Amino acid sequence: MTTARLTPTRFAAACRRLAIAEKGWLRAHKWWLLRRASQAGALLVFLVGPVLGLWVASGNFASSSILGVVPLSDPYILLQSVVAGHAPATTALTGALLIVVFYAIVGGRAYCGWICPVGVITDTAHWLREKLGITRDRKLDRRTRWWVLSGTLLASVATGSVAWEFVNPVSMVQRGLIFGVGFGWAIVAAVFLLDLVVTRRGWCSHLCPVGAFYGIVGTVSATRVAAARREDCTNCGACFSVCTEPQIITPALKGDGTRLIRSGACLNCGGCIDVCPVDVFEMTARGWAADPAGKDAAVRQDLEPPAPAREAA
Amino acid sequence: MTRKSTMNRREVLASVAKAGGVTCLAGLALTAYVESTSKAEATALRPPGALPEDDFLSACVRCGLCVQACPYDTLHLATLGDPAPLGTPFFLARDTPCAMCRDIPCTRACPTGALDAGLTDIREADMGVAVLVGHETCLNYKGMTCSICHRVCPIRDEAITLERQTIDGRSLVIPTVHSDRCTGCGTCEKHCVLGHAAIRVLPRDLGLGGKGRNQAGRPT
């Protein structure tokens with residue numbers, strides 16, 4: 001760290017440099033690389049069909065058919081359809097159920113961190129924001145996304161249509177990449193600019209109802225990040241500076257209850273694992289946690305929360 | 001994020017009011033926007049088996065499986081600026097009409113029922129109805145026997161027939177659409193030789209008009 005005034009921008013860069021110095025570039029970017037590969041892979045699977053004629057998956061993220069056999073459907077879009085008054089066919093219901101079960105296992109907002117292409121756009125906006133040293137931050141309430149989610153369902157009831165899909169940037173991006181984008185780029189640009197110059201992590205962490213919906217699925221998800229070796233924490237603040245939802249780290253890292261990050265808002269992105277210079281964090285599962293550091297059994301025990309600690313999350 | 005009873009009553013009320021307010025604001029704004037854009041224009045035709053437009057918009061998830069199932073690249077998913085609501089499948093008869101596949105792959109691909117899988121005979125499809133709108137431009141009305149619409153119609157001699165009529169003392173052969181047989185596939189509109197088609201597929205209510213409630217046909 002330098003003696004110059006430590007702006008958030010310089011701080012984030014310094015954290016990254018420290019992690020690279022301690023662990024090497026590859027280990028300091030492991031989860032980031034996996035995530036980008038996953039995001040690219042999800043799109044590629046849908047693109048090789050129309051482009052090369054290899055039909056692994058047809059459709060798009062809203063609903064698809066894998067190898068012409070397995071149906072997948074976005075549960076949030078289907079929910080809007082149901083409240084709009086349509087009783088969906090079995091195919092779509094099966095598809096939505098499969099998706100809910102999948103994200104209940106890997107982590108609800110793993111969709112945001114590992115699949116959704118808007119994540120790449122907003123991450124880029126955030127990266128540029130830090131590079132340019134933009135600190136202006138029109139603070140929004142993080143609960144706004146819940147209210148937007150309720151609003152979209154309300155509008156679906158009122159209009160008898162799948163209302164959010166008339167504007168949803170998340171659908172527009174993935175559909176645009178698979179089927180052609182038209183003027184959809186304008187809304188994508190709006191999201192980018194929102195995150196760049198108006199609100200830090202504005203879209204994904206404050207407004208997007210898709211993320212809010214998957215956050216609900218995430219409250220029961222099996223896969224979790226844990227501050228497994230929180231005794232080693234040096235209070236450098238690196239994890240808080242990279243996390244898109246920093247408020248959810250505190251109970252696990254600084255509390256004396258569970259070490260699991262239990263909030264549904266967690267993307268399971270592994271950003272904290274990458275950036276931590278002393279490897280406090282690890283990807284683990286609820287109810288099952290190996291103790292990789294070989295520490296005493298007490299560590300292992302309190303990975304599973306005692307009942308009273310639940311509310312603390 | 002539940003905070004353990006650290007809020008007093010005033011804060012709770014303010015918080016509830018805020019949540020309710022933003023929810024209503026988001027809901028109303030979205031409702032207004034959807035209501036203002038939620039109808040497909042008359043030129044945008046839905047795939048065969050599509051539910052009536054209102055029901056269709058509650059059922060379609062904009063996944064594009066029908067689009068990819070179409071062997072003739074007829075269908076498209078609407079982007080901003082297209083004549084159908086964002087993300088929904090449509091086709092423009094003048095560009096690429098429906099080829100009326102016997103196995104109806106688009107309808108079979110639909111996971112939600114927005115395209116009714118109960119449609120098994122493509123000749124029962126109702127994508128719209130052809131209407132000869134250009135009585136001043138249609139070549140047959142000018143005394144020629146173009147009749148291209150009649151010749152290309154896939155439901156030959158049933159959906160469009162040539163009817164001999166005498167107009168202003170001239171004997172003409174007029175292409176005549178039979179709405180009970182026409183599926184609205186758009187092949188006639190595609191092949192009309194004029195710069196702008198004289199025969200067009202329109203949504204059925206727009207193309208045919210309808211009965212009113214009293215004997216004169218007007219609403220009471």
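It should be emphasised that the depicted structure is a prediction, and the values quoted were computed from it without experimental measurement.

Draft legend 1. Representation of the sheet that holds strand β2 (residues 76-77) of chain B within the structure. Residue and element names in this part refer to chain B. Spatial strand order, β1-β3-β2: three strands in an open sheet with antiparallel pairing. The sheet is open, and its two edges are formed by β1 (44-45) and β2, each paired on a single side. Sheet topology note: the β1/strand β3 (residues 89-92) ladder contains two bridges and is antiparallel. Looking across to β3, one finds that Leu 45 is bridged to Phe 91.

Draft legend 2. Focus on the pattern of salt bridges. The full count for this structure, using the stated rule, is 18 salt bridges over all chains. With its nearest N and O atoms 2.9 Å apart, the salt bridge here joins Arg143(A) to Asp141(A). Between Arg204(B) and Asp126(B) there is a salt bridge whose closest N-O contact spans 2.8 Å. Pair noted here: Arg204(B) is in helix α7 (residues 204-208) and Asp126(B) is in the loop between α4 (105-109) and β4 (129-132), with a separation of 78 residues, a long-range link. Connected through salt bridges with shared partners, the residues Arg35(A), Arg36(A), Asp123(A) and Arg201(A) form a single ionic network.

Draft legend 3. Quick peek at unusual backbone geometry. The backbone of Asp279(A) sits at a positive phi, close to 55 degrees, despite the residue not being glycine. Considering the arrangement of structural elements, one finds Asp279(A) in the loop between α14 (271-275) and β5 (282-285). Judged by relative accessible area, Asp279(A) falls into the partly exposed class, the value being 23%. One non-glycine residue, Arg62(B), lies in the positive phi region at around 65 degrees. Considering the arrangement of structural elements, one finds Arg62(B) in the loop between α2 (53-59) and α3 (65-69).

Draft legend 4. Quick peek at the packing of helix α2 (residues 30-52) of chain A against helix α6 (residues 118-132) of chain A. Residue and element names in this part refer to chain A. Interaxial distance between α2 and α6 falls to 10 Å at its minimum, and their mutual angle equals 135 degrees. Classified by the angle their axes make, α2 and α6 are oblique. In contact with Arg 35, Arg 36 and Gln 39 of α2, α6 contributes Gly 119, Val 120 and Asp 123. Here the contact of α2 with α6 is composed, by residue class, of one nonpolar, two polar and three charged.

Draft legend 5. Molecular detail of the packing of aromatic side chains. All told, the structure shown has eight aromatic pairs over all chains when counted by the stated rule. Chaining the aromatic ring pairs together yields one cluster made of Tyr76(A), Phe102(A), Tyr103(A), Tyr111(A), Phe213(A) and Tyr214(A). The ring of Phe166(A) has Arg62(B) sitting right over it, with the charged end atom 5.0 Å from the ring centre.

Draft legend 6. Local environment of the nonpolar core. Grouped together as the largest cluster of nonpolar side chains are 58 residues, with contacts concentrated most on Tyr111(A), Trp203(A) and Phe281(A). If near-sequence neighbours (up to four positions away) are discounted, Tyr111(A) is found in contact with Phe61(A), Tyr103(A), Cys116(A), Val170(A), Val210(A) and Tyr214(A). Formed by 44 residues, the second largest nonpolar core is a distinct cluster that contains Phe56(B), Met100(B), Cys138(B) and Ala159(B).

Draft legend 7. Layout of the sheet that holds strand β3 (residues 70-73) of chain A. Residue and element names in this part refer to chain A. Strand order in this open sheet of three strands is β1-β2-β3, and the pairing throughout is antiparallel. Only two strands of the sheet have a single neighbouring strand rather than two, namely β1 (57-60) and β3. Each adjacent strand pair in this sheet contributes to an overall mean axis angle of 10 degrees, direction not counted. Where strand β2 (residues 63-66) meets β3, four bridges bridge the pair, whose relative direction is antiparallel. Along β3, the bridge assignment pairs Ser 65 with Pro 71.

Draft legend 8. Spotlight on helix α9 (residues 185-198) of chain A. Compared with the 20 Å implied by 1.5 Å per residue over 14 residues, the 19 Å span of α9(A) between its first and last C-alpha is a close match. Next to the buried residues of α9(A) lie α6, α8 (169-179) and α10 (202-207) of chain A.

Draft legend 9. Main features of the state of the cysteines. All names here are of chain B. Inspection of every chain in the model, using the stated rule, returns zero disulfides over all chains. A disulfide-free cysteine, Cys 60 has its sulfur positioned 6.7 Å from the sulfur of Cys 66, the nearest such atom. According to the relative accessible area criterion, Cys 60 is buried, its value standing at 7%.

Draft legend 10. Summary view of the interface of chain B and chain A. Opposite the 42 residues of chain B that make contact, chain A presents 51 residues. The interface formed by chain B and chain A includes one salt bridge. At 14 residues, helix α1 (residues 9-37) of chain B tops the list of elements feeding residues into the side of chain B that touches chain A. Broken down by class, the residue content of the side of chain B that touches chain A amounts to 21 nonpolar, 15 polar and six charged.

Draft legend 11. Region of interest: the packing of α6(A) against α9(A). All names here are of chain A. As a packed pair, α6 and α9 sit with axes 8 Å apart at the nearest point and diverge in direction by 35 degrees. In terms of crossing hand, the pair formed by α6 and α9 is right-handed. The residues of α9 that touch α6, namely those facing Val 118, Ile 121, Thr 122, Thr 124, Ala 125, Leu 128 and Arg 129, are Val 188, Val 191, Phe 192, Asp 195, Leu 196, Val 197 and Val 198. Here the contact of α6 with α9 is composed, by residue class, of ten nonpolar, two polar and two charged.

Procedures and definitions
Residues numbered from 1 in each chain as written. Chains lettered and ligands numbered in written order. Predicted model: local features only at pLDDT ≥ 70, side-chain atom pairs only at ≥ 80, totals over all residues. Heavy atoms only, no water. Pairing = 2+ DSSP bridges. Helix = DSSP H or I, 4+ residues; strand = E, 2+ residues; numbered from the N terminus. Salt bridge = Lys/Arg side-chain N within 4 Å of Asp/Glu carboxyl O. Buried < 20%, exposed > 50% of the residue type's maximum accessible area, 1.4 Å probe, protein only. Axes fitted to C-alpha atoms, helices over the stretch in contact; angles between N-to-C directions. Parallel < 35°, antiparallel > 145°, perpendicular 65-115°, else oblique. Contact = heavy atoms within 4.5 Å. Nonpolar A, V, L, I, M, F, W, Y, C, P; charged D, E, K, R; others polar. Phe/Tyr/Trp six-rings, centres within 6.5 Å; stacked < 30°, edge-to-face > 60°. Lys NZ or Arg CZ within 6 Å of the ring centre and 35° of its normal. Core = buried A, V, L, I, M, F, W, Y, C linked by side-chain atoms within 4.5 Å. Expected span 1.5 Å × (residues − 1). Disulfide = S-S within 2.5 Å. Left-handed = near helix turned anticlockwise from the far one by under 90°.

So, to be careful, I would describe these as geometric facts and stop short of saying anything about function.
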